Amino acid sequence: MRTYTADITNHDTQPLSRKAVQRAQITHYMKRHRLSIHTVAFVAGVPLMVVWRVQQGEPITKEHAHTIRFAFLCLTGVPYEGIFAVYPEESQGTR
């Protein structure tokens, strides 16, 4: 059976979305250090759903991002250098 392999070296490609990059980074980090979302949520003191949202590339609060980043450091001893999607900060002023 022959298989066909397309040569795409000269084709334009689309860059990965920010969400896809975040998902890949967090998945790689958690697999490399054998972390479960349950353990991270417990150590960070956040609901399990917050860690799940991080894994899915969904936005979380800035406080949760700092807490999870610190939990990663505590659990592994290796700082997490990846990105988190964070909700935009609401303006403090009134109209």
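Residues numbered from 1 in each chain as written. Predicted model: local features only at pLDDT ≥ 70, side-chain atom pairs only at ≥ 80, totals over all residues. Heavy atoms only, no water.

Undergrad: Please clarify how the overall build of the protein chain should be interpreted in this entry.
TA: Of the regular secondary structure elements, the protein chain holds four helices and zero strands. Element order for the protein chain, N to C, with α for helix and β for strand: α-α-α-α. Its C-alpha radius of gyration of 18 Å places the protein chain more than 25% over the 12 Å reference for a compact globule of 95 residues. Relative to its 95 residues, the protein chain shows a buried fraction of 24%. Here the contacts in the protein chain between residues at least 6 apart in sequence split such that 62% fall between residues at least 24 apart. Accessible area for the protein chain stands at about 7600 Å²; split by element, carbon and sulfur atoms hold 55% of it. If the 11 positive side-chain charges of the protein chain are averaged to one point and the 7 negative ones to another, these points end up 7 Å apart. (Helix = DSSP H or I, 4+ residues; strand = E, 2+ residues; numbered from the N terminus. Rg over C-alpha atoms; globule rule 2.2 N^0.38 Å. Buried < 20%, exposed > 50% of the residue type's maximum accessible area, 1.4 Å probe, protein only. Contact = heavy atoms within 4.5 Å. Areas by Shrake-Rupley, 256 points an atom, 1.4 Å probe, with all protein chains shown as cover. Lys, Arg positive; Asp, Glu negative; His and termini not counted. Charge placed at Lys NZ, Arg CZ, Asp CG, Glu CD.)

Undergrad: What exactly am I supposed to notice about a nonpolar patch on the surface here?
TA: Taken together, Phe42, Val43 and Leu75 make up a surface patch of nonpolar side chains, about 300 Å² in accessible area. Examined against the element boundaries, Val43 turns out to sit in helix α2 (residues 37–44). (Patch = residues over 30% accessible without salt bridge, like charges linked within 9 Å, V, L, I, M, F, W, Y side chains within 5 Å. Salt bridge = Lys/Arg side-chain N within 4 Å of Asp/Glu carboxyl O.)

Undergrad: I'm lost on the packing of aromatic side chains in this one. Help?
TA: Two numbers describe a pair of aromatic rings. These are the distance of the centres and the angle of the planes. Under the counting rule described, the total for this entry stands at four aromatic pairs. Look at Tyr29 and Phe72: their rings are 4.9 Å apart centre to centre, the planes differ by 45°, and that puts the pair in the tilted class. A residue pair is termed long-range when its members are at least 10 positions apart, and Tyr29 in helix α1 (residues 18–32) and Phe72 in helix α4 (residues 62–76) qualify at 43 residues. Given a relative accessible area of 3%, Tyr29 falls into the buried group. Given a relative accessible area of 1%, Phe72 falls into the buried group. Pairing Phe72 with Tyr80 gives two aromatic rings, centres 5.4 Å apart and planes at 65°, and the pair type is edge-to-face. The class for Tyr80 is buried, based on a relative accessible area of 4%. One aromatic cluster in this structure is built from Tyr29, Phe72, Tyr80 and Phe84. (Phe/Tyr/Trp six-rings, centres within 6.5 Å; stacked < 30°, edge-to-face > 60°.)

Undergrad: Explanation requested: the nonpolar core in the structure shown.
TA: Considering soluble globular proteins, one finds that nonpolar side chains tend to be buried as a cluster. In terms of nonpolar packing, the biggest core is built from 19 residues, with Ile68, Phe72 and Phe84 touching the most fellow members. Setting aside chain neighbours within four positions, we find Phe84 in contact with Gln22, Ile26, Val54, Ala65, Ile68, Arg69 and Phe72. (Core = buried A, V, L, I, M, F, W, Y, C linked by side-chain atoms within 4.5 Å.)

Undergrad: It is not clear to me how α4 should be interpreted in this structure. Could you clarify?
TA: Turn by turn, an α-helix covers 3.6 residues, leaving residues three or four places apart pointing in a common direction. Between its first and last C-alpha, α4 extends 21 Å over 15 residues, near the 21 Å set by a 1.5 Å rise per residue. For α4, the set of buried residues is Ala65, Ile68, Ala71 and Phe72. Down the axis of α4, the smallest arc covering the buried residues is 125°, so these residues share one side. Along α4, exposed side chains directed more than 90 degrees from the buried face belong to Glu63, His66 and Phe70. Summarising the contacts, the buried residues of α4 are in contact with α1, α2 and α3 (48–56). Remark: Gly77 follows α4 within two positions and exhibits a positive phi of approximately 80°. (Expected span 1.5 Å × (residues − 1). Arc of directions from axis to C-beta.)

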